[in-house]
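Take a look at the letters that make up each chain.
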Amino acid sequence: MPALRELQRRLIASILAEDDASVLPWIGAHGLPASERLSVYRNTCRENFLTALATGYPVLRRLTGEAYFRQLAQQYQQAHPSPSGNLGHAGARLPEFLGQRFATTEFAYFADVARLEWLCQEVLSAADRTPLDLQRLGAVSAADHTRLRFTLDPAARLLASRFPVVTIWEAHQQPGEPAPIDLAAGGEQALVQRRRAGITVFRLQPAEYACLDALDRKRPLAAAMEHGLEADPSFDLGGALRRWAEAGVIAAFDLPDEAGQIA
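Attention in this report is confined to the structure presented alongside it.

1. A look at the pattern of salt bridges
Okay, step 1: Across all of its chains, the model carries 14 salt bridges by this definition.
Okay, step 2: Asp-144 serves as the salt-bridge partner of Arg-147, at 2.5 Å between the closest nitrogen and oxygen.
Okay, step 3: Put simply, Lys-218 and Asp-254 hold a salt bridge, and the shortest N to O gap is 3.8 Å. One end of the pair, Lys-218, is in the loop between helix H9 (206-216) and helix H10 (221-231); the other, Asp-254, is in strand E5 (residues 250-254), with 36 residues separating them in the sequence.
Okay, step 4: Note on Lys-218: relative accessible area 30%, which makes it partly exposed.

Set out below in structure tokens:
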């Protein structure tokens, strides 16, 4: 008789790939044929996995249609079965899977829509932020402002896409068939953030995204400002910082010394 680990491996192969031959001889009937027992497990596994994906990707589900979403879910599950019993993480690699699947097709935008939706899932379970210490920030000398490094809200994520992903996401937040969207209209940048009212998706201007992305990568404020100005020479850093502080997008800061070290 195969070892327990080998039997488990065969059972998983049977459930995901419908390869029953290697495991059927080791399943007792007990009133129900072994093949039917496997079908029960297989259907339960697929439906639970499908439900997890549908919960995390409602916009993608509407874009593809129910039947094709089910087909994609099955193919994705075979390629990337859930690594744990917590199905909340099951969809983590779906954007990557879609990116590879549709890279050269008219549906390439599916991957970025999925990325946006997965970011919404990530911020749901992200840590709470502590309010930015404005008094401490105000005490920083103006001469040191360029060296400031900011930390974004743990429940905030950034996304840049060559497709109008925010427009697509917004259009599918209401019931009914949305108006047609021009996929060639140009890319959009998004800020996804968890707030008291729930998950919010903001459309960012290119300069705002460039600056926030630099800050998120722990670049000093001077470098982040340069990125913003490269995207738009009229970028107002001061106004943007005030908005981000008020909205809680910026959660903390540090001030390295001139050698870049934190005291």
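2. Some points on the side chain of His-80
Okay, step 1: Within the fold, His-80 resides in the loop between helix H4 (66-79) and helix H5 (94-102).
Okay, step 2: Within the local environment of His-80, its side chain forms a polar contact with the side chain of Arg-93, the two groups lying 3.3 Å apart.
Okay, step 3: Those residues in contact with His-80 that lie beyond four places of it in its chain are Phe-49, Arg-93 and Phe-97.

3. Describing the nonpolar core
Okay, step 1: Ranked by internal contacts, the top residues of the largest apolar core, which has 38 residues, are Tyr-57, Leu-60, Leu-98, Leu-116 and Val-201.
Okay, step 2: Going through the elements one at a time, helix H2 (34-56), helix H3 (58-64), H4, H5, helix H6 (109-124), helix H8 (165-171) and strand E3 (188-195) are the ones with two or more residues in this core.
Okay, step 3: The dominant element in this core, judged by the number of residues it contributes, is H6, at 10 residues.
Okay, step 4: In this structure, Leu-60 is in contact with Phe-69, Leu-94, Leu-98, Phe-110, Val-113, Ala-114 and Glu-117, ignoring residues within four places of it in sequence.
Okay, step 5: In this structure, Leu-152, Leu-191, Val-249 and Ile-250 belong to the second largest nonpolar core, which totals 26 residues.

4. Comments concerning the sheet that holds strand E2 (residues 156-161)
Okay, step 1: Taken together, the 3 strands give an open sheet; going across it, the order is E2-E3-E4, and neighbouring strands pair in antiparallel fashion. Unpaired on one side and paired on the other, E2 and strand E4 (198-204) mark the two borders of the sheet. Each adjacent strand pair in this sheet contributes to an overall mean axis angle of 20 degrees, direction not counted.
Okay, step 2: Pairing of E2 with E3 involves 6 bridges; the strand directions are antiparallel.

5. Considerations on empty space enclosed by the protein
Okay, step 1: Scanning the entire structure with this criterion turns up 1 cavity of 30 Å³ or more.
Okay, step 2: Estimates place the volume of the largest cavity at around 30 Å³.
Okay, step 3: Leu-53, Leu-60, Phe-69, Leu-72, Ala-73, Leu-94 and Leu-98 together form the lining of the largest cavity.
Okay, step 4: Within the residue set of the lining of the largest cavity, elements represented by two or more residues are H4 and H5.
Okay, step 5: Here the lining of the largest cavity takes 3 residues from H4, the largest share from any one element.
Okay, step 6: Here the residues of the lining of the largest cavity sort into 7 nonpolar, no polar and no charged.

6. Details of the packing of H9 against helix H11 (residues 237-246)
Okay, step 1: Where H9 meets H11, the axes come as close as 11 Å, and the angle between the chain directions of the two elements is 65 degrees. Viewed along their axes, H9 and H11 adopt a mutual orientation that is roughly perpendicular. In terms of crossing hand, the pair formed by H9 and H11 is right-handed. Contacts between H9 and H11 pair Glu-208, Cys-211, Leu-212 and Leu-215 from the former with Leu-237, Arg-243 and Trp-244 from the latter.

Reading the values: the criteria
Residues numbered from 1 in each chain as written. Predicted model: local features only at pLDDT ≥ 70, side-chain atom pairs only at ≥ 80, totals over all residues. Heavy atoms only, no water. Salt bridge = Lys/Arg side-chain N within 4 Å of Asp/Glu carboxyl O. Helix = DSSP H or I, 4+ residues; strand = E, 2+ residues; numbered from the N terminus. Buried < 20%, exposed > 50% of the residue type's maximum accessible area, 1.4 Å probe, protein only. Polar contact = N/O pair within 3.5 Å; in protein donor to acceptor, adjacent residues only side chain to side chain. Contact = heavy atoms within 4.5 Å. Core = buried A, V, L, I, M, F, W, Y, C linked by side-chain atoms within 4.5 Å. Pairing = 2+ DSSP bridges. Axes fitted to C-alpha atoms, helices over the stretch in contact; angles between N-to-C directions. 1 Å grid on protein atoms, 1.4 Å probe; cavity = no way out; pocket = protein on both sides within 12 Å on 5 of 7 lines; lining within 4 Å. Points joined across faces, edges and corners; volume = space filled by probe spheres on them. Nonpolar A, V, L, I, M, F, W, Y, C, P; charged D, E, K, R; others polar. Parallel < 35°, antiparallel > 145°, perpendicular 65-115°, else oblique. Left-handed = near helix turned anticlockwise from the far one by under 90°.

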